[in-house]
Amino acid sequence: MHPKNTGEDALPNFKAIADREIEAILISHAHQDHIGTLPVLMRRFPNARIFMTEATAEIGNTLLHNSVNVMTRQREEIGERLYPFFTHRETDRASERWRWCPARQRISIAGERASQREKDALIFEFFDAGHVLGSTGILLRAEGQTIFYTGDVNFDEQTIMEAAIFPEEKIDILIMECTRGDHAKPAGWTRAGEERRLAEAIAGAFERGACVLIPVFALGKTQEVLAMLYKFRRERLLPEFPIYMGGLSSKMTDVYDRRARMTRRQLPRLQLMKDAAPFILNDETVRDAPLRAGRVYALSSGMMIPKTLSNIFARRLIENPQHSIFFVGYANPESPGGLLRDSPAGGKVALDPGRPPQRVRCNIEQFQFSAHATRESLIEYAKKLSPHKIVLVHGDPPAVEWMRATLESELPRSEIIVPAPGMEFDL
């Protein structure tokens, strides 16, 4: 589902495959831009088998039910008659058909385990992508050829998630994400150093009597930030302080906690809901939460989409020079979060198109804790594989263009393809 658009504009271009018989749908992970319209696709292709990891299934079911609630509310608020695209009942029926697959197991698209000797069947295999809980890259084998789709990947360790473990065997075609293609890795950047910088910034905000808003995605970024805040308190970089989060974030965090010892992760004994002990806010309580010193509000959405907790809360403090907003991950430049992050001090920004612009007087800082691979590590991975063809996806045009130009220079024997939506390529 498109994260910025609404109604029909938020749907993928299903018309491009309307006349096809779709046998299988492989899900890389449960972020909204990857799984948000899956029930619609399943309705259109009722015979297709759906494959994902067990963690993605648990998270995806929660996310899609929340999406029904959001779309139902938006039907009233913005008059979008197509909403909701699907119902709670349809979500339940859809999730009952999902097939869970462990990583590093060869499976045919008929849903059966496949042997190493299998040559003719189309076979897939999930690899841990290190992006968020349950995320995978997907290796396809057929007719002696291999296609590898990175999905959203991170080759660096995060506070909770461990780095991706991807295939290094011969790959004929690589389909690769480009999210951070327009940002060079800062010289001397380390995650440990960035964590210290965040701890110092929070301490400085507290000392001047500020509260801190950190816009986060409910899945992934929330849990990473909670783990960092827990570490800051444990290591006495910060005193004890209240943490606030939203309801969907708490449901996602419950899944992380339940699966702490079942998955590859850092800090496997850390139970975020118990050890970080966040308070839960909703649409009503976020409007009344006091802007007091010494509090951190880790609220979704990460891009501060209108009507979300982070957007509502930001509108309360944006004009107050005492308080702080810290960005810790990706925000589309055209999203409210991106517009605010890039706004000069004293400039005006409209966080909600239905409300007048506000003067930016609060303290804004940017930190680099992306759950996506650096462009440098993506290039290195492509060079290691040296595939015949590389298809570049999932990035803003400048990001994709930098990746294309760099790969053409570094891998002159590889064909670099930047597909336009709706165009068909013979791989």
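**Student:** Tell me about the overall build of the protein, and name the residues and values.
**Tutor:** Scanning the protein for helices and strands turns up 13 helices and 18 strands. What you see for the protein is a C-alpha radius of gyration of 22 Å, in line with the 22 Å of a compact globule of 427 residues. Along the longest, intermediate and shortest principal axes, the C-alpha atoms of the protein span 65 × 50 × 40 Å. Here the protein holds 427 residues, and the buried ones make up 53% of them. Pairs at least 24 residues apart make up 73% of the contacts formed inside the protein by residues separated by at least 6 positions. Of the roughly 19,600 Å² of accessible surface on the protein, a fraction of 49% belongs to carbon and sulfur atoms.

**Student:** I'd like a rundown of helix α12 (residues 375–385), residues and numbers included.
**Tutor:** The complete set of buried residues in α12 reads R375, S377, L378, I379, Y381, A382 and L385. Looking at the buried side of α12, the elements it contacts are β7 (145–149), β8 (173–177), β17 (389–393) and α13 (397–410). Just beyond α12, the residue with positive phi is S386, at close to 45 degrees.

**Student:** With reference to specific residues and values, describe the environment of L378.
**Tutor:** Among the structural elements, L378 can be located in helix α12. Judged by its relative accessible area of 0%, L378 falls in the buried class. Setting aside residues up to four positions removed in sequence, L378 forms contacts with V153, F155, M176, E177, C178, A373 and M403.

**Student:** Would you mind going over the sheet that holds β17 in detail, with residue names and values included?
**Tutor:** The sheet built from seven strands is open, its strands ordered β4-β5-β6-β7-β8-β17-β18 with mixed pairing. With one partner strand each, in any of the chains shown, β4 (107–108) and β18 (415–417) form the two edges of the open sheet. As defined by bridge partners, β17 adjoins β18 across three bridges and the pair is classed as parallel. When the bridges of β18 are listed, K389 appears paired with E415. With respect to the sheet, α12 is in contact with β7, β8 and β17, its orientation differing from that of β8 by roughly 175 degrees.

**Student:** Describe the pairing of strand β13 (residues 324–327), and please don't skip the residues or the numbers.
**Tutor:** The alternating pattern of β13 places S324 and F326 and I325 and F327 on opposite faces, both of which are buried. Where strand β9 (residues 212–215) and β13 come together, two bridges link them in parallel fashion. Bridging from a neighbouring strand, L213 pairs with I325 of β13. Direction of pairing for β13 relative to strand β16 (residues 363–366): parallel, over a ladder of four bridges. Note on β16: the bridge partner recorded for F327 is Q366.

**Student:** Tell me about the sheet that holds strand β2 (residues 49–52), residues and numbers included.
**Tutor:** Strand order across the open sheet formed by three strands is β1-β2-β3, with parallel pairing between neighbours. Because the sheet does not close on itself, it has two edges, and the strands there are β1 (24–26) and β3 (98–100). For this sheet, the mean inter-axis angle between neighbouring strands, taken without regard to orientation, is 30 degrees. Relative to β2, β1 is paired through three bridges, and the arrangement is parallel. Within the sheet, the bridge partner assigned to A24 lies in β2 and is R49. Packing of helix α3 (residues 54–78) onto the sheet brings it into contact with β2 and β3, and relative to β3 it is tilted by some 145 degrees.

**Student:** Before we move on, could you go through the pattern of salt bridges and cite the residues and values that matter?
**Tutor:** Applying the stated criterion across every chain, the model contains 30 salt bridges. R258 is paired through a salt bridge with E58; the nearest N and O atoms lie 2.2 Å apart. Remark: E58 occurs in helix α3 and R258 occurs in helix α7 (residues 247–258); sequence separation between them is 200 residues. Take E58: its relative accessible area is 23%, and that puts it in the partly exposed class. Put simply, E408 and R404 hold a salt bridge, and the shortest N to O gap is 2.7 Å. Placement of the pair is E408 and R404 together in helix α13, with a separation of four residues, close to one helical turn. Linked through salt bridges whose partners overlap, the residues forming this network are E54, E58, R258 and R259.

**Student:** Tell me what's going on with the side chain of Q105, and back it up with residues and numbers.
**Tutor:** The topology assignment puts Q105 in the loop between β3 and β4. By relative accessible area, Q105 is classed as buried at 19%. Residue contacts for Q105: discarding those within four places in its chain leaves R113, F124 and E125.

**Student:** Help me get a handle on the pairing of strand β10 (residues 243–246), residues and values and all.
**Tutor:** Both faces of β10 are covered, namely the face carrying I243 and M245 and the face carrying Y244 and G246. Where β10 lies against strand β11 (residues 279–281), three bridges are found, and the strand directions are parallel. Looking at the pairing, G246 lines up with L281 of β11.

**Student:** I'd like a rundown of the packing of α3 against α7, residues and numbers included.
**Tutor:** The packing of two helices is summarised by the inter-axis angle and the distance between the axes. Contact pair α3 / α7: the axes reach a minimum separation of 10 Å and the direction vectors enclose 170 degrees. Classified by the angle their axes make, α3 and α7 are roughly antiparallel. Residue-level contacts link E58, I59, T62, L63 and N66 of α3 to L248, K251, M252, V255 and R258 of α7. Of the residues belonging to the contact of α3 with α7, the class tally is five nonpolar, two polar and three charged.

Parameters and conventions
- Residues numbered from 1 in each chain as written.
- Predicted model: local features only at pLDDT ≥ 70, side-chain atom pairs only at ≥ 80, totals over all residues.
- Heavy atoms only, no water.
- Helix = DSSP H or I, 4+ residues; strand = E, 2+ residues; numbered from the N terminus.
- Rg over C-alpha atoms; globule rule 2.2 N^0.38 Å.
- Buried < 20%, exposed > 50% of the residue type's maximum accessible area, 1.4 Å probe, protein only.
- Contact = heavy atoms within 4.5 Å.
- Areas by Shrake-Rupley, 256 points an atom, 1.4 Å probe, with all protein chains shown as cover.
- Pairing = 2+ DSSP bridges.
- Axes fitted to C-alpha atoms, helices over the stretch in contact; angles between N-to-C directions.
- Salt bridge = Lys/Arg side-chain N within 4 Å of Asp/Glu carboxyl O.
- Parallel < 35°, antiparallel > 145°, perpendicular 65-115°, else oblique.
- Nonpolar A, V, L, I, M, F, W, Y, C, P; charged D, E, K, R; others polar.

Functional significance is not addressed by these values, which are geometric in nature.
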